[in-house]
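# A look at the structure
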Amino acid sequence: NSFVTRTSTCGELRSAHVGQKVTLYGWVQYQRHGLFLVLRDFQGLTQVIIPQDEAHSQVKELLSKAPLESVVRVTGTVSPRPLGQENPKMPTGDIEVKAETAEILNSCKKLPFEIKDFIKKSEALRMQYRYLDLRSPRLQGALRLRSALVMRMREYLCNLHGFVDVETPTLFKRTPGGAKEFLVPSREVGKFYSLPQSPQQFKQLLMVGGLDRYFQVARCYRDEGSRPDRQPEFTQIDIEMSFVDQAGIQRLVEGLLQHSWPEERGSIVTPFPSMTYEEALAEYGTDKPDTRFGMKIVDISDVLRGSNIHFVQNALSYPHGSIRAICVPQGMRYLTNKDLESLKESAKSQFNQEIMEIIHRPDGSLKSLLAKFLGEKEKSELIQALNMQEDDVVLLAAGEHKQVCSALGALRLLSAKLLEAAGLALRDPTAFHFLWVVDFPLFLPKAENPTQLESAHHPFTAPHPSDASLLYSDPTKVRSQHYDLVLNGNEVGGGSIRIHSAEQQRFVLEKVLKEDSEVLSHLIEALECGAPPHGGIALGLDRLISLIVDAPSIRDVIAFPKSFRGRDLMGNAPDYVTPEELEPYHIQVSWPLEEKEAKKN
């Protein structure tokens, strides 16, 4: 209550304050028959008794007629609630304030929705009236937790470990590879700035400058179009260090999260487990595994290798062919035939992968189109390999290793959702399972042209020391010093040890990625000027907070987010500008014909 004219907030009064005269400010949350109202501010709720005597008739009339969500000032005396009328669900439920004077500071018109978390309203409406949605306890709680967590991160990095908080430019130039960047026009003809995807180049240049340890709560920008649960502008906890290896970065991040983790969410155990990219793909079908539940992908190629099943033998005849499966626990009990068909259809439409089901009957037999082709020994080995129990359902896929694993990985997550929706407790919603994924490939084939390569992380990532020679002979086989931090199946951080050799950086850009290294001439020149070995990581703050508070979307932990189409529904941005405003930037808009007609009308 420092610096303000209230004596108390609406969430702090207790029995110990009985008899005190207090002044409260807040919003009218609820009012009942002119007898009492509930006043709300950022910290909580307080019940205010409206006086009924003639001496306070003016106060009674004012508070009885105050519209909901009006801002009022109330001065009165704290009293205990009558016996039996206490409210244990409210922290202030043992007391009430008997109003003596009051003032309506701002009356509120009828709102488009009620300020209550349990009232359902569309996300579009919430975003259009974000300043009202911000009054909700859930959103306020998320923003306050976010603020407290960032403050503890600053304390850990700057006060305890000597990091320097540096702000880097927002207006820069295009970076090769990675996501599409937003362009900002300049007054120089034909020249544009780019908004940085991340401060990647700047933090490396700070290491060249000898800063040793850098950190920033960084705003980043990516023009990714209509991607659900992504934001065109987002926030990273950006970190870079000199003279560090992968293990050092991992220990730093584990300590950072342990230090800043909200107490009410329990403690987190370090060190976090680690697995390679290849292990993650083989066992979970993804590079961001949700390790809160089992249902791992199992390789059953050897079990079926001796069978006479045509599609099995066909799959195993390919160099990277395999037969793999997941076992859905209690699938017959919790999944309907429609569920099973939807799972198979999903694999077919997304991955062009056929799926075969095997059901473990209560009598121990297997129900499947495969069953008649399998001997008793093969059936027994299959049950053992997949640890099948009564009423389990196995989903089996055959084909190219990566495609099979990716399809089964997606079905694993879909099956988990279906099981949980049907009432099977599979994933603990209060558990936080962190995981490091390491040893990613340095390069991947481009989706649009598989004969060309692109960086799996970004073009500044250093090759794994054991694979450095392969960079010049067979770059497709090179592992990287790239590491991702995964939480409950979501990527919450990614980083790498960087290339600090100008010669190696130039080779990667020009010879492997076929990029024009001139765009990065400033960075390459810096690497020639005594650049130290360095590495870092960026943690996605929005995603991390949304997982901590179990928010349905990252938009629920950002004060003023954009819609999934990248629009600001409250301020109606982006918006048109006049030709006169564009003139200094030497830009003319070429309108499609139908839009020209629409603007005329």
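Residues numbered from 1 in each chain as written. Predicted model: local features only at pLDDT ≥ 70, side-chain atom pairs only at ≥ 80, totals over all residues. Heavy atoms only, no water.

### With respect to unusual backbone geometry
Omega for the peptide link from Thr-270 to Pro-271 comes to 0°, which places this bond in the cis form. Turning to its location among the elements, Pro-271 is positioned in the loop between helix H6 (246-260) and strand S11 (274-276). Residues Ala-573 and Pro-574 are joined by a peptide bond in cis, for which omega reads 0°. By the secondary structure assignment, Pro-574 is in the loop between helix H17 (541-548) and helix H18 (579-582). Look at Gln-330: it is not a glycine, yet its phi comes out positive at around 55°. (Helix = DSSP H or I, 4+ residues; strand = E, 2+ residues; numbered from the N terminus.)

### As for empty space enclosed by the protein
What the rule picks out here adds up to 1 cavity of 30 Å³ or more. When its volume is computed, the largest cavity comes out at roughly 40 Å³. The wall of the largest cavity is formed by Met-127, Arg-130, Phe-560, Pro-561, Asp-568, Leu-569 and Met-570. Residues of the lining of the largest cavity, tallied by class, amount to 5 nonpolar, no polar and 2 charged. (1 Å grid on protein atoms, 1.4 Å probe; cavity = no way out; pocket = protein on both sides within 12 Å on 5 of 7 lines; lining within 4 Å. Points joined across faces, edges and corners; volume = space filled by probe spheres on them. Nonpolar A, V, L, I, M, F, W, Y, C, P; charged D, E, K, R; others polar.)

### Here we look at the sheet that holds strand S21 (residues 490-497)
The 8 strands lie next to each other as S6-S9-S10-S22-S21-S20-S17-S11, forming an open sheet whose pairing is mixed. What marks the edges here is a single partner per strand, and that holds for strand S6 (164-165) and S11. Of the strand pairs in this sheet, S21 and strand S22 (residues 534-540) are connected by 5 bridges, and their pairing is antiparallel. By the bridge assignment for S22, Gly-495 is matched with Ile-537. Packing of helix H5 (residues 200-208) onto the sheet brings it into contact with strand S9 (213-221), strand S10 (233-242) and S22, and relative to S10 it is tilted by some 20°. Against the sheet, H17 touches S10, strand S20 (482-487), S21 and S22, its axis set at about 145° to S21. (Pairing = 2+ DSSP bridges. Contact = heavy atoms within 4.5 Å. Axes fitted to C-alpha atoms, helices over the stretch in contact; angles between N-to-C directions.)

### Quick word on the packing of aromatic side chains
Enumeration over the complete set of coordinates arrives at 10 aromatic pairs. Here the aromatic rings of Tyr-30 and Phe-36 are separated by 6.3 Å at their centres, their planes lie at 45°, and the arrangement is tilted. An angle of 80° between the planes, with centres 6.3 Å apart, marks the rings of Trp-436 and Tyr-483 as edge-to-face. With Trp-436 in strand S17 (residues 434-438) and Tyr-483 in strand S20, the pair connects residues that are 47 residues apart, well separated along the chain. Tyr-483 sits in the buried class, given a relative accessible area of 0%. What links up through ring pairs into an aromatic cluster is the set Trp-261, Phe-272, Phe-432 and Phe-434. Above the face of the Phe-293 ring, Arg-412 is positioned so that its terminal group lies 3.8 Å from the ring centre. (Phe/Tyr/Trp six-rings, centres within 6.5 Å; stacked < 30°, edge-to-face > 60°. Buried < 20%, exposed > 50% of the residue type's maximum accessible area, 1.4 Å probe, protein only. Lys NZ or Arg CZ within 6 Å of the ring centre and 35° of its normal.)

### A look at the pairing of S20
A large share of S20 lies buried, amounting to 6 of its 6 residues. Burial along S20 is two-sided: the residues His-482, Asp-484 and Val-486 and Tyr-483, Leu-485 and Leu-487 are all buried. Pairing geometry for S17 and S20, over 4 bridges, is antiparallel. Across the sheet, Leu-435 pairs through a bridge with Val-486, a residue of S20.

### A look at the sheet that holds strand S15 (residues 366-367)
What the 5 strands build is an open sheet, ordered S12-S13-S16-S14-S15; its pairing is antiparallel. Of all strands in the sheet, those bounded by a partner on one side alone are strand S12 (298-299) and S15.

### Details of the domain arrangement of the protein chain
In terms of domains, the protein chain is made up of domain 1 (15-106), domain 2 (140-275 + 433-556) and domain 3 (293-422). The centre of domain 1, based on its C-alpha atoms, is set 51 Å off from the matching centre of domain 2. (Domains from an automatic or database assignment.)

### Details of the layout of surface pockets
In this model, the second largest pocket occupies a volume close to 750 Å³. Considering only residue class, the lining of the second largest pocket consists of 14 nonpolar, 5 polar and 9 charged.

### Considering the environment of Asn-387
Structurally, Asn-387 is set in the loop between helix H12 (376-385) and strand S16 (393-400). On the basis of relative accessible area, Asn-387 is assigned to the exposed category, the value being 54%. Placed 60 residues apart in sequence, Asn-387 and Cys-327 show a C-alpha to C-alpha distance of 7.9 Å. In terms of polar contacts, Asn-387 uses its side chain to reach the side chain of Gln-389, at 3.2 Å. (Polar contact = N/O pair within 3.5 Å; in protein donor to acceptor, adjacent residues only side chain to side chain.)

### Topic: the pattern of salt bridges
The tally for this structure, following the rule as stated, stands at 36 salt bridges. A salt bridge links Glu-69 to Arg-135; its shortest N-O distance comes to 2.9 Å. Of this pair, Glu-69 sits in the loop between helix H1 (57-65) and strand S4 (71-80) while Arg-135 is found in the loop between helix H3 (130-133) and helix H4 (137-161), placing the two residues 66 residues apart along the sequence. Taking the relative accessible area as the measure of exposure, Glu-69 reaches 7% and is therefore buried. (Salt bridge = Lys/Arg side-chain N within 4 Å of Asp/Glu carboxyl O.)

### Some thoughts on the packing of H4 against H17
Remark: H4 packs on H17, axes separated minimally by 10 Å, with the N-to-C direction vectors making an angle of 120°. Taken together, the axes of H4 and H17 are oblique relative to one another. The crossing of H4 and H17 is right-handed. Along its contact with H4, which presents Ala-142, Leu-145, Arg-146, Leu-149, Val-150 and Met-153, the element H17 presents Leu-541, Asp-542, Leu-544, Ile-545 and Ile-548. Looking at the contact of H4 with H17, its residues break down into 9 nonpolar, no polar and 2 charged. (Parallel < 35°, antiparallel > 145°, perpendicular 65-115°, else oblique. Left-handed = near helix turned anticlockwise from the far one by under 90°.)

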